[in-house]
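Below are the chains, spelled out letter by letter.
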Amino acid sequence: MALPTQNWYASWFDTPYYHILYKDRGYDEAQAFMRALMAYLKPKDSAKILDLACGKGRHSVFLNSLGYNVTGVDLSKNSINHAKQYENENLTFKVHDMCKPTKNTYDVVLNLFTSFGYFEDDEDNLRTIKAIKEDLKQDGVAVIDFMNVANVISNLVPTEVKTMKGIDFHIKRYVKNNHIYKDISFKDNDEQFEFTEKVKAITLDDFKTYFKKAGLTLINTFGDYQLNDFNLETSKRLILVFK
């Protein structure tokens, strides 16, 4: 049986099974979101963008295709190795822990698709916010795209089975100790695997506290990828723009 390490994201994200389970994530939706976000932010044509926790780089690659100079960073070596095939003069991928500053500065820092709140120690969430601040140019702006935990919890599907590439992924979801859990178990080639995703149920007020402690200012909040207003009960996303 394959068991996760202490940091679940370090083991789970680096397996091929993570990408099999989530292979149907919408590229069209992601690209439409990036177009809408760039139209709102209006970065200059030569803007430097940091895609923090970029995964295999789908957002980074698209943003680069729009003409921006993009750096994608992620803790997963396998994801970065995959993304490196897309590198060019204005697109770079690196292995990096987002709790730490990159030692460069950017016009825009993005943290997308609920790539936040994974840490065992809540202080690491604040460290990440502070690192984002250090990564920003003086007039730079940052965006965190997080789930709306109130909506997620009220619509939680306790159990389901997803079959992807012939593998039955048994999924159990629950809330415990202010975290949203997803237990994932499956068998492949007669070997049993078990992983658990664990994300802190961070609210808008929690983020405001992080920003205040880090000396950052919340500019705007949106509730979906079309950048409609945030509604605590009905919005599926919590998209925060800050500087």
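Residues numbered from 1 in each chain as written. Predicted model: local features only at pLDDT ≥ 70, side-chain atom pairs only at ≥ 80, totals over all residues. Heavy atoms only, no water.

Participant: What is the right way to read the environment of Gly-72 from this model?
Facilitator: Mapped onto the elements of the fold, Gly-72 is located in strand E2 (residues 69–74). With a relative accessible area of 0%, Gly-72 lands in the buried category. Taking the C-alpha atoms as reference, Gly-72 lies 9.6 Å from Lys-84; in sequence the two are 12 residues apart. Those residues in contact with Gly-72 that lie beyond four places of it in its chain are Asp-51, Cys-54, Ser-60, Ile-80, Thr-92, Phe-93 and Lys-94. (Helix = DSSP H or I, 4+ residues; strand = E, 2+ residues; numbered from the N terminus. Buried < 20%, exposed > 50% of the residue type's maximum accessible area, 1.4 Å probe, protein only. Contact = heavy atoms within 4.5 Å.)

Participant: Explain the confidence of the model for the protein chain to me, please; I cannot follow it from the model alone.
Facilitator: Detailed reading of the predicted coordinates is not advisable wherever pLDDT falls low. Residue-level pLDDT values for the protein chain average 92, and 95% of them are 70 or greater. For residues 1–6, every residue scores under 50 in pLDDT, and the model assigns this stretch 12 contacts once sequence neighbours within four places are set aside. (pLDDT = per-residue confidence, 0-100.)

Participant: Can you help me understand helix H8 (residues 204–214) in this one?
Facilitator: Residues spaced three or four apart along an α-helix point in a common direction, a consequence of the helix completing one turn every 3.6 residues. Those residues of H8 not exposed but buried are Leu-204, Phe-207, Tyr-210, Phe-211 and Ala-214. Projected down its long axis, H8 carries its buried residues within an arc of 115°, all on one side. The outward face of H8, more than 90 degrees from its buried face, is lined by the exposed residues Asp-205, Lys-212 and Lys-213. Those residues of H8 hidden inside the fold are in contact with helix H6 (122–135), strand E5 (136–147), strand E9 (191–200), strand E10 (218–222) and strand E11 (237–242). Residue Gly-215 follows H8 closely and has a positive phi angle near 75°. (Arc of directions from axis to C-beta.)

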